[in-house]
Amino acid sequence: MLTIHKTIDGKMTKLDKVENGCWVNLTYPTEDELTTVSKTLGVDLDFLRAALDEEETSRIDTENGQTLIIIDAPSVEQGEAVVYSTIPLGIIVSEKQIITVCLKENSVIRDFQDGLVRNAETQKKTSFILYMLLWVAKRYLQYLKQIDKIYNYMERQLYKSQRNKELIQLLDLEKSLVYFNTSLKANEVTLEKILRGRIVTLYEEDHDLLEDVLIEVRQAIEMANIYSSIISGMMDAFASVISNNLNVIMKVLTSLTILLTLPNIIFGFYGMNVAGLPLKYLWWFPLLIAGVLMAIVAVILKIKDLF
């Protein structure tokens, strides 16, 4: 899908055709849309296709006066369970326009299209890019807080009953945090390259904005590390609890097996033609012996904390 926007009188306005100082957004573009944008704006086709690779990592590149910045943006999918992941977001800076390319819709692009980001003007290309990077970092922080809330809920559920459903959801959260942590570290490296000012020209106010972006990214990295360590530790703890519960169950079952074996032994003797057994013809005597032995063994097992 191809959309064109431009800041007019301080508001993000949708356009029908490309103008100088506009922002061209491509979301899951077709090959025809890529070719049209490449020919119309003179953008390298490889730059446009770079962000369409799901495995593309964060990087910055420049060629023929055009700059490509690829940032890993957070993504969330709603289904039976909430799944967090990351997708590449390509930002291409040409001489007169800004082009963004993404494989799927994401909340960052929607917020810019809806004009929710103040001071982000398409005519100020460097500033617009930095605001987009800042919004990506803020979205990471927002999703990390959501992960923390989901984790706390799952923890309370696991205290009630150790079910596979909650454990699987915790595994999904742990996997999401690994994706976030890896992507954030790659983004940090890209932002530090931008901060040097060799590839993207930075003005005085841009330095302060970029430093704010770096602070947000480093905070998100720290939060992802903390949450990952907490979930990993809790998974190990609950694995130990489940293993201990299994041992307790096996211990109780073994004790019950011992107790139930005693009557079989007594009744086996009295059920055979064995001479010399005491009170052989009294039907209640074997029951009495079995009951007394079971009581004695049960007391012993209880003292040994085996029952």
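Enquirer: Please explain the environment of Met 223 as it appears in this structure.
Expert: Topologically, Met 223 is positioned in helix H6 (residues 204-271). A relative accessible area of 14% places Met 223 in the buried class. When residues no more than four places from it in sequence are discounted, the contact partners of Met 223 are Leu 141, Leu 144 and Lys 145.

Enquirer: What exactly am I supposed to notice about the sheet that holds strand S1 (residues 2-8) here?
Expert: The strands that make up a sheet are held in pairs by hydrogen bonds between backbone atoms, and each pair lies either parallel or antiparallel. Read from one edge to the other, the open sheet built from 7 strands follows the order S2-S1-S3-S7-S6-S5-S4, with strand pairing classed as mixed. Two strands close off the open sheet at either side, each with one partner strand: strand S2 (11-15) and strand S4 (59-63). Strand after strand, the sheet turns through a mean of 25° between neighbouring axes, direction not considered. Strand direction decides the pairing type here: S1 and strand S3 (residues 23-27), joined by 4 bridges, are antiparallel. Bridging across to S3, Ile 4 finds its partner in Val 24. Contacting S1, S3 and strand S7 (98-102), helix H1 (residues 31-41) crosses the sheet at an angle of about 160° to S3.

Enquirer: How should I be thinking about H1 in this particular structure?
Expert: Every α-helix winds through 3.6 residues per turn, so residues three or four apart in the chain are directed the same way. Leu 34, Val 37, Ser 38 and Leu 41 are the residues of H1 that are buried. Axial view of H1: buried residues confined to an arc of 100°, hence all on one face. Among the exposed residues of H1, those oriented more than 90 degrees off its buried face are Asp 32, Lys 39 and Thr 40. Residues of H1 that are buried make contact with S1, S3, helix H2 (45-50) and S7.

Enquirer: How should I be thinking about the packing of aromatic side chains in this particular structure?
Expert: Remark: the centre distance and the inter-plane angle together describe each pair of aromatic rings, the angle taken between the planes. For the coordinates displayed, the defined rule picks out 7 aromatic pairs. Summarising the aromatic geometry, the rings of Trp 23 and Phe 128 are spaced 5.4 Å apart at their centres and angled 55° between planes, so their arrangement reads as tilted. Residue Trp 23 is located in strand S3, and its partner Phe 128 is located in helix H4 (residues 125-160); the two are separated by 105 residues in the primary sequence. Relative to Phe 180, the ring of Tyr 84 lies with its centre 6.2 Å away and its plane at 75°, an arrangement referred to as edge-to-face. Of this pair, Tyr 84 sits in strand S6 (residues 83-93) while Phe 180 sits in helix H5 (residues 164-195), and the two are 96 residues apart along the sequence. Here Tyr 84 and Phe 180 have matching classes, each one buried. Each residue in the set Trp 23, Phe 112, Phe 128 and Trp 135 is aromatic and connected to the rest through ring pairs, giving one cluster.

Enquirer: I would appreciate a short explanation of the nonpolar core in the present structure.
Expert: When a protein is soluble and globular, its nonpolar side chains tend to lie buried together. Residues Phe 112, Met 132, Leu 133 and Ile 194 are the most contacted members of the largest nonpolar core, which totals 59 residues. Among the secondary structure elements, those contributing two or more residues to this core are strand S5 (66-77), S6, S7, helix H3 (107-113), H4, H5 and H6. When sequence neighbours within four positions are dropped, the list of residues in contact with Ile 194 reads Ile 60, Ile 69, Leu 133, Val 200, Leu 202 and Leu 210. Counting residues in each nonpolar core, the second largest holds 18 residues, with Leu 15, Val 37, Val 43 and Phe 47 among its members.

Enquirer: I tried to follow a nonpolar patch on the surface on my own but got confused; where do I start?
Expert: A surface patch of nonpolar side chains, amounting to about 580 Å² of accessible area, comprises Leu 246, Val 248, Ile 249, Met 250, Val 252, Leu 253 and Leu 256. Structurally, Met 250 is set in helix H6. Exposure remark for Met 250: the relative accessible area of 46% places this residue in the partly exposed category.

About the thresholds
- Throughout this description, residue numbers start from 1 for each chain and increase along the sequence as written.
- Where local features are concerned, this predicted model is filtered to residues with pLDDT of at least 70; where side-chain atom pairs are given and counted, the filter is 80 or more; whole-chain, interface and lining totals use all residues.
- Hydrogen atoms and water are omitted, and side-chain values are computed over all heavy atoms in the structure.
- Only DSSP runs of H or I reaching four residues or more are called helices, and only runs of E reaching two or more are called strands; each is numbered from the N terminus.
- Here the term buried applies to any residue with accessible area under 20% of the maximum for its type, exposed to any over 50%, and partly exposed to those in between, with areas from a 1.4 Å probe on protein chains only.
- By the convention used here, residues are in contact when the closest approach between their heavy atoms is within 4.5 Å.
- Only when DSSP finds a minimum of two bridges between them are two strands counted as paired.
- Every axis in this analysis is a line fitted to C-alpha atoms, fitted for helices over the stretch in contact. Angles between the N-to-C directions lie between 0 and 180 degrees.
- Throughout, the arc means that of the directions going from the helix axis to the C-beta atoms.
- Here the aromatic set is Phe, Tyr and Trp, taking the six-membered ring for Trp, and pairing holds for ring centres within 6.5 Å; pairs whose planes are under 30 degrees apart are stacked, those over 60 apart are edge-to-face, and all others are tilted.
- Definition used in this section: a nonpolar core is a set of buried Ala, Val, Leu, Ile, Met, Phe, Trp, Tyr and Cys residues joined via side-chain atoms within 4.5 Å.
- Only residues whose relative accessible area exceeds 30% and that form no salt bridge enter a patch; like-charged residues are grouped when within 9 Å of one another, and nonpolar side chains (Val, Leu, Ile, Met, Phe, Trp, Tyr) when within 5 Å.
- For the area figures, the Shrake-Rupley method with a 1.4 Å probe applies, and any residue is considered shielded solely by the protein chains shown.
- Salt bridges are counted wherever a side-chain nitrogen of Lys or Arg sits within 4 Å of a carboxyl oxygen of Asp or Glu.

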